[in-house]
Amino acid sequence: MSIQVFGMAVSRGVAIGRAVLVASSRIDVAHYFVGPDQVAAEIERLRMARNVVAAELSSLQADMPADAPAELSALLDVHLMLLHDDTLSSATKHWIVERHYNAEWALSAQLEVLARQFDEMEDEYLRERKADVEQVVERMLQFLARDAGRAGGGIAQAALAPDFGGEEPLVLVANDVAPADMLQFKRSVFTGFVTDVGGQNSHTAIVARSMDIPAVVGAREASRLIRQDDWIVIDGDAGVVVVNPSQIVLEEYRFRQRQSELERARLHRLRNTPAVTLDGQAIELLANIEMPGDAAAAVESGAVGVGLFRSEFLFMNRADDLPGEDEQFEAYREAVLAMNGLPVTVRTVDIGADKPLERLSSAELRHEHVLNPALGLRAIRWSLSEPGMFRQQLRAILRASAFGKVRILIPMIAHLSEVRLTFEALARARQQLDDAGRAHGRVEIGAMIEVPAAALQIEAFLRHFDFVSIGTNDLIQYALAIDRADEAVAHLYDPWHPAVLHLVAMTIEAANRLGRGVSVCGEMAGDPAFTDLLLAMGLRSFSMHPSRIALIKQRILRADTRRLASALPAVLSADDCSAASARHFGLPSSV
Ligand code: PEP
Ligand code: MG
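The shown structure was predicted, so the numbers you read here are calculated from the model rather than taken from an experiment. (Residues numbered from 1 in each chain as written. Chains lettered and ligands numbered in written order. Predicted model: local features only at pLDDT ≥ 70, side-chain atom pairs only at ≥ 80, totals over all residues. Heavy atoms only, no water.)

(A) Region of the structure containing the overall build of the protein. Scanning the protein from N- to C-terminus turns up 23 helices and 16 strands. Its C-alpha atoms give the protein a radius of gyration of 26 Å, within 12% of the compact-globule value 25 Å for 591 residues. Oriented by its inertia axes, the alpha-carbon framework of the protein measures out at about 85 × 65 × 45 Å. Sorting the 591 residues of the protein into buried and exposed places 55% on the buried side. A fraction of 72% describes how many contacts in the protein between residues 6 or more apart in sequence connect residues 24 or more apart. As displayed, the protein offers around 24,300 Å² of accessible surface, 53% of which is attributable to carbon and sulfur atoms. Taking the average location of the 59 positive side-chain charges in the protein and that of its 79 negative ones, the two points are 8 Å from each other. (Helix = DSSP H or I, 4+ residues; strand = E, 2+ residues; numbered from the N terminus. Rg over C-alpha atoms; globule rule 2.2 N^0.38 Å. Buried < 20%, exposed > 50% of the residue type's maximum accessible area, 1.4 Å probe, protein only. Contact = heavy atoms within 4.5 Å. Areas by Shrake-Rupley, 256 points an atom, 1.4 Å probe, with all protein chains shown as cover. Lys, Arg positive; Asp, Glu negative; His and termini not counted. Charge placed at Lys NZ, Arg CZ, Asp CG, Glu CD.)

(B) The pairing of strand 12 (residues 406–410), seen in detail. For strand 12, the tally of buried residues reaches 5 of 5 residues, placing the bulk of the element in the interior. Residue alternation in strand 12 divides its side chains into two sets, Val 406, Ile 408 and Ile 410 and Arg 407 and Leu 409, and both sets are buried. Bridge count for strand 11 (residues 344–347) against strand 12 is 4 bridges, and the pairing is parallel. Bridge assignment links Val 344 to a residue of strand 12, and that residue is Val 406. Pairing between strand 12 and strand 13 (residues 444–449): 4 bridges, direction parallel. Looking at the pairing, Ile 410 lines up with Ala 447 of strand 13. As for the winding sense of the linkage, the β-α-β connection from strand 12 through helix 15 (residues 416–435) to strand 13 is right-handed. (Pairing = 2+ DSSP bridges. Right-handed = clockwise from strand over helix to strand, strands pointing away.)

(C) Layout of the packing of aromatic side chains. Under the counting rule described, the total for this entry stands at 8 aromatic pairs. Geometrically, the ring pair formed by Phe 423 and Phe 465 is tilted, given 5.4 Å between the ring centres and 50 degrees between the ring planes. Taken together, the residues span a long stretch of sequence, with Phe 423 in helix 15 and Phe 465 in the loop between helix 17 (458–462) and strand 14 (467–470) at a distance of 42 residues. For Phe 423, a relative accessible area of 28% translates into the label partly exposed. When its relative accessible area of 1% is taken as the criterion, Phe 465 is described as buried. An aromatic cluster is defined as three or more aromatic residues linked by ring pairs; in this entry it consists of Phe 33, Trp 95, Tyr 101 and Trp 105. Above the plane of the ring of Phe 329 lies Arg 399, whose end atom (NZ or CZ) is 4.2 Å from the centre. The ring of Phe 467 has Arg 407 sitting right over it, with the charged end atom 3.8 Å from the ring centre. (Phe/Tyr/Trp six-rings, centres within 6.5 Å; stacked < 30°, edge-to-face > 60°. Lys NZ or Arg CZ within 6 Å of the ring centre and 35° of its normal.)

(D) The arrangement of the site of ligand 1 in detail. Lining the immediate surroundings of ligand 1 are 17 residues, of which Arg 310, Arg 347, Asn 473, Asp 474 and Arg 484 lie closest. At a separation of 3.4 Å, an oxygen atom of ligand 1 approaches a polar backbone atom of Gly 471. Calculation on ligand 1 without its partners gives an accessible area of 290 Å², and the protein chains cover 100% of this total. Of all elements in the fold, only helix 8 (203–211), strand 10 (306–310) and helix 18 (472–480) reach the threshold of two or more residues within the shell around ligand 1. Top contributing element to the shell around ligand 1 by residue count: helix 18, with 3 residues. Taken together, the residues of the shell around ligand 1 sort by class into 4 nonpolar, 5 polar and 8 charged. (Near = heavy atom within 4 Å. Polar contact = N/O pair within 3.5 Å; in protein donor to acceptor, adjacent residues only side chain to side chain. Nonpolar A, V, L, I, M, F, W, Y, C, P; charged D, E, K, R; others polar.)

(E) Quick look at the coordination of the magnesium ion (ligand 2). Protein-derived ligands of the magnesium ion (ligand 2) are Glu 450 (OE) and Asp 474 (OD), with the metal-ligand distances lying across 2.0 to 2.1 Å. Of the two residues, Glu 450 sits in the loop between strand 13 and helix 16 (452–456) while Asp 474 sits in helix 18, which places them 24 residues apart along the sequence. For Glu 450, a relative accessible area of 1% translates into the label buried. (Donors = N, O, S within 2.8 Å, 3.2 Å for Na, K, Ca; no water.)

(F) Representation of helix 6 (residues 130–147) within the structure. Its 18 residues place the ends of helix 6 25 Å apart at the C-alpha level, agreeing with the 26 Å of an ideal helix rising 1.5 Å per residue. The complete set of buried residues in helix 6 reads Asp 132, Val 133, Val 136, Val 137, Met 140, Leu 141, Phe 143, Leu 144 and Ala 145. Residues of helix 6 that are buried make contact with helix 1 (39–62), helix 2 (70–84), helix 3 (86–99), helix 4 (103–119) and helix 5 (124–128). (Expected span 1.5 Å × (residues − 1).)

(G) Representation of the nonpolar core. If you look at the biggest cluster of nonpolar residues, it comprises 95 residues, and the most contacted ones within it are Leu 285, Phe 309, Ile 408, Leu 533, Leu 534, Met 537 and Phe 542. Ranked by residue count, the leading element in this core is helix 19 (residues 498–513), at 8 residues. Those residues in contact with Ile 408, other than ones at most four positions away along the chain, are Val 346, Thr 348, Leu 394, Ile 397, Leu 398, Leu 426, Val 443, Glu 444, Ile 445, Gly 446 and Phe 467. Core analysis: the next-biggest nonpolar cluster, separate from the first, contains 56 residues, Leu 46, Leu 83, Val 177 and Ile 213 among them. (Core = buried A, V, L, I, M, F, W, Y, C linked by side-chain atoms within 4.5 Å.)

(H) Representation of the environment of Met 448 in the model. With respect to the helices and strands, Met 448 occurs in strand 13. Assessed through its relative accessible area of 1%, Met 448 is described here as buried. It is 44 Å that separates the C-alpha atoms of Met 448 and Pro 245, two residues lying 203 residues apart in sequence. Each residue touching Met 448, except ones within four places of it in the same chain, is listed here: Arg 347, Leu 409, Ile 410, Pro 411, Met 412, Ile 413, Ser 469, Gly 471 and Cys 521.

Laid out in structure tokens, this is it:
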């Protein structure tokens, strides 16, 4: 039966594929494809796992003291029976043979199927047997992880098989996916994803957009309603997931898929066209990147530089092995060289909130121990609390500046005392490089304006920095007191809120008046619904995912900034800025 699940559209386009359900509790299971010639070996690993676990259980039973409760032995009997049951072993083999999943993935896929069946049982006693199946499978997974010599690669290893991807497209369905795991998906074969939780501007959604794959988040019931291997359509434009679509619906979506591919190809032709408005204003279109390897996509998109390199992604999935100065230097230099003379703006780490560091010793940075992570030790606050690491990063960036044009961007700055400490750290980092005889170049220093306090005190900040970049994602979060990652309040996360637009407009106006560079690097910059409004405010530099550049350029080519600027007061003074913007600029109020 075909059903629809509704969530939030976070990354455009249509993906059609088989659902791969990954339960959060199984996120540590390695997921990869095996080639046709490895299928037999993978089945053998599965058989071994079953035999070893059966032997463990039998010996537990044999060694049981005579006075042990009878239920315990009966329980082991149940586990042994489940272990040899056909619905576990032959069905698991099916995933290996038909889908080419590795044994761990096959086993967890089958567990999802069985768990669902148990959940639907009427009889309470039988329903509770789900826990037994989970325990048996857990033991087998533990054996397989030991066997593979790893403790599980996490979603991180999900479907990493560039040369063998199975025959059918796959889409990922999960309760949640952390930004660090998302990063790994950049190398995976998934063509789209759906999560139960998450907000439109969570970092998970942002990485999805940067990958340019259709995605829907906050689809609350998705991972319960969708079954392993169901055919699903992810409509990333409407925020809808269609499960087991009828033939006619499928045809309709395939048509839309083809249309959007054509549209993409058409937009790609704008790649080398300069972004100049009808009245001759040159607009700078920069790229947001997460890893140095993304610089290639930035160049390919026609970006004239990197406006935001989210350096914290270098620190993710690294647990106790954080990148040191040399490794960071290599990463920044790689991006600088790839940009071939175009500027690269490296933002110092924005650790914390929904991007916690995995380092176990920093318990306070892990969500569960922090009262309110978005308001906690995040970004520059974190860097200033770890002065050694901060200077290490600054040295690495400064060294990379000997190879091209580099700018440093400080996130979440809100106090002038933080400005002073930042410049002291910079001076010391430079001194350390000089003392060590290491080359470094001249860098411009900028501040992210993403805390309302900084926007309200913008002139004081502009006196210290060469440029500012407006982080609208956080500016909205903090101005409206809405956690950007929480789908329960996602409907209140409103970029059109007049208070937000006033903060943005004030910042742009002050920077232009004082002759400082100003850019927007939040998601607003890559949303064509805001292009005319931002141009009207006087913005001439936009930074966004490379995949959005052509679309925004298209709008810029059709814009006349003089006409737009004259309508700005009417839009900003309206109660409903979205409707007023549509009225004055002839734009759709949302995209
Ligand atoms: C922002 O807050 O708008 C921004 C660009 O930074 P991030 O999304 O990484 O917090
Ligand atoms: Mg931010």
